[in-house]
Amino acid sequence: MDLFFSKIRQVLDKIYLLFIKNKIKPERFGKSSGKYIDNQKKRNEESKMISDEKKETKIKIVKRNENFSQWYLDVIAAADLADYAPVKGCMVIKPYGYAIWENIQKVLDSMIKATGHKNAYFPVFIPESFLERETEHVEGFSPELAVVTHAGGKKLEENLVVRPTSETIIYSSFAKWIHSWRDLPLLINQWCNVVRWEMRPRLFLRTTEFLWQEGHTAHATHDEAQEEARRMIEIYRNFVEDYLAIPVVVGRKSESEKFAGALETLTIEGLMQDKKVLQCGTSHDLGQNFAKVFDVKFLDKSGNEQYVWQTSWGVSTRLIGAVIMVHGDDKGIIVPPRIAPICIAIVPIWKNSEEKVKTIEVAKKLTKTISSFSFVIDDRDLRPAWRYYEWERKGIPIRVEIGPRDVENNQAVLVRRDTGEKIIVSQDEFAARIAEILNSIQQNLYNRAKQFRDENTHDVKSWNEFQRIIEHQGGFIRADWCGSVECETKIKEITKATVRCIPFEKDEKHNEKHEGICVYCGKTSRSRALFGRAY
Ligand SMILES: [Zn+2]
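Here we summarise the structure given alongside this text. (Residues numbered from 1 in each chain as written. Predicted model: local features only at pLDDT ≥ 70, side-chain atom pairs only at ≥ 80, totals over all residues. Heavy atoms only, no water.)

### With respect to helix α11 (residues 353-367)
Right, on to step 1. With 15 residues, α11 extends 21 Å from end C-alpha to end C-alpha; this agrees with the ideal 21 Å at 1.5 Å per step.
Right, on to step 2. Looking only at α11, the buried set comprises T359, I360, V362, A363, L366 and T367. One side of α11 carries all its buried residues, which in axial view fall inside an arc of 160 degrees. In α11, the exposed positions that point more than 90 degrees away from the buried face belong to E354, V357 and E361.
Right, on to step 3. The inward-facing, buried residues of α11 contact β15 (344-348), β16 (375-377), β17 (398-402), α13 (404-408), β18 (411-416) and α14 (430-455).
Right, on to step 4. Sitting at the head of α11, N352 places a side-chain oxygen 3.2 Å from the backbone nitrogen of E354. (Helix = DSSP H or I, 4+ residues; strand = E, 2+ residues; numbered from the N terminus. Expected span 1.5 Å × (residues − 1). Buried < 20%, exposed > 50% of the residue type's maximum accessible area, 1.4 Å probe, protein only. Arc of directions from axis to C-beta. Contact = heavy atoms within 4.5 Å. Polar contact = N/O pair within 3.5 Å; in protein donor to acceptor, adjacent residues only side chain to side chain.)

### Topic: the coordination of the zinc ion
Right, on to step 1. Bound to the zinc ion on the protein side are C482 (SG), C487 (SG), C518 (SG) and C521 (SG), at distances that span 2.3 to 2.4 Å.
Right, on to step 2. What the four donor atoms of the zinc ion show is an angle range of 101 to 118 degrees at the metal, which sorts the shape as tetrahedral.
Right, on to step 3. Counting gaps between the donor residues of the zinc ion yields the pattern C-x4-C-x30-C-x2-C. Of this pair, C482 sits in the loop between β21 (476-481) and α16 (485-495) while C521 sits in the loop between β23 (516-517) and β24 (524-525), placing them 39 residues apart in sequence.
Right, on to step 4. Note on C482: relative accessible area 25%, which makes it partly exposed. (Donors = N, O, S within 2.8 Å, 3.2 Å for Na, K, Ca; no water. Tetrahedral: all angles 85-135°; square planar, octahedral: opposite > 155°, others 65-115°.)

### A short note on the packing of aromatic side chains
Right, on to step 1. A full pass over the atoms with the stated rule returns 15 aromatic pairs.
Right, on to step 2. Ring plane angle 40 degrees and centroid distance 5.8 Å describe the contact between F174 and W177, whose orientation is recorded as tilted. With a gap of three residues between them, F174 and W177 both fall in helix α7 (residues 167-177), about one helical turn apart.
Right, on to step 3. Residue class for W177 comes out partly exposed when judged on its relative accessible area of 39%.
Right, on to step 4. Of the aromatic side chains, those joined through ring pairs into one cluster are F122, Y171, F174, W177 and F290.
Right, on to step 5. Positioned over the ring face of Y535 is K276, at 4.3 Å from the centre of the ring.
Right, on to step 6. Across the ring face of Y243, the terminal group of R338 is positioned such that the distance to the ring centre comes to 4.1 Å. (Phe/Tyr/Trp six-rings, centres within 6.5 Å; stacked < 30°, edge-to-face > 60°. Lys NZ or Arg CZ within 6 Å of the ring centre and 35° of its normal.)

Structure representation (C-alpha cells):
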C-alpha cells in the first residue's frame, strides 16, 4: 500500500509541476507561450553560464612582479599547457601545450631537412657499458641517469640506461654504416624523449623526461664538423628569433659549462622577464672523442683509415618555457603568431537568438576569407567577457568581436593580445588586416623582447660594479674574463652568476685583437664573456 501511495504522490507532483509551468509562469512572464519558452531557456542558459563562470573564477594568475616563479606556474595552469605527473619531475603535456610543440617541430624539422639532414630513430635503452666508454660523458651524466636493472621478471646481465642523450647508441650504429669517404658527411636527426633525473623539476624548463630533437653528424675533416656545429646553432638562432620572437646571444661555452665529451659547445642564450638567463639550444663540436671510443672510421680518398669528426645538437620542450617567460604578461601566455596553434579567436556577441544567428553567420562568412590561418569561432553560451578571458590567457594573438552593431555596420572589432589595442575593420578588408596585424604582433613581440634584453645588458668594468648589478638589477653582464676556471668558479660562488657564453665576434663590439683586464683577477683578458644567473 505504501508503494501505491508513493506512486500516486509522484503523479500528483508531476501534475502540479506541469500546472505551475503551463498555467502560472506564462502569465507572469508574458502572454505568448513562445516568449515564455525563450525566458525559461534564457534562465537555464544563464544559470549554466554562472556555474561555468564560477569554475573559471578559480583560475588566478599572480602578478609577474609579485612572484615570477608562481606567475610562471599559474600561466601554465591558466592556459592549460601542462601538469606534473605521478612520477616526480615528469610532465603531462596537455593538448594545447602539445599543439605548440607540434608547431615548433613542424617548422624546425623542415629547417633541419632543408640543410640535408634525415630523420631516424634509435632505441630508448642503452647498454650501461656504452656510456662508460667515454669517461667525460659518463661522469657528466651519471648523477642524472635512470637505470633498468630488471626486465622480463629477472635481473639483467647488463644494466640498461634510459637514454639521457643518444651519442653512444647512435655512434655504435654509425660505426656499422660508415665505411669510406663516400659515406660522409652522414647527417642524422631524431625526435624523441630523453630522461635526466631531476631533483628540482620545473615544468618545461627542467623535467625528468622531456621531448627534444638531437642531431648527430659525422664528417671527414674537423673543419667540416666545426662548420656544421656553427651552421646548426645559426639555424637555432634563426628559428628562435624568427618564429618564437626571442632574441638570443650566440657564443661558445666555457670549458666548465660545455657538453660532457665535447671539444666545444656553442649555445644560444635568452633573457627572461625576471632577468634570469635561459639556455635555449646547444650545438657541439665533438671532435673525434666518440669516434675513437666507438670505432667510427672511414677510408679516405688515398685509402688511409681515419676516425670521423662529429657534431651533435639539440633543442627541447624547454623552448615553450622560454616563450612563456619572454612574452607572457599578467593575463597569461602570449603565443607568437608564427607558432600559435590558434591565431584568431572569433567571439560573436548576442542578446537574443535572432542576434545569435546573425552574428554567428557573419563570423562564419569572415572565416572563409582567412582559411590559411588557424582560427576558432567561440559561440559557447557564456558571457562575452568570459570568452574573451579564456582566449586572453591562452595567448591567442587576435580576438575578433562581432556584435549586432558590427553586423549592421559591416565591420568587426579586432583586439591585439600583445598590446590590447582595439581595431575596427571593415568586413571587406578583414583578411588583409588580419594578415597585416599578425605580422605586426610577431614583429612587436620580438622588438619588445629585444628592447628589454638590450636595456638589461650591462657593460661592466669593475668587480664592485659586477656584484652590485647582479645583486640589484640582474640581466646580462658583459665583462672581461681571463678565461681561467679559478675566476669563473669564484665569480659563480660569490654571485651565483655563470659564464653564459663567450659571444661570437659578430655579436661583439670588440674584434679579435681585443685586450682588456679580467673583471675578477685583473689579469689580461683576450675576450669578453656574457654572465648571468641562469635557469
Ligand atoms: Zn681572471
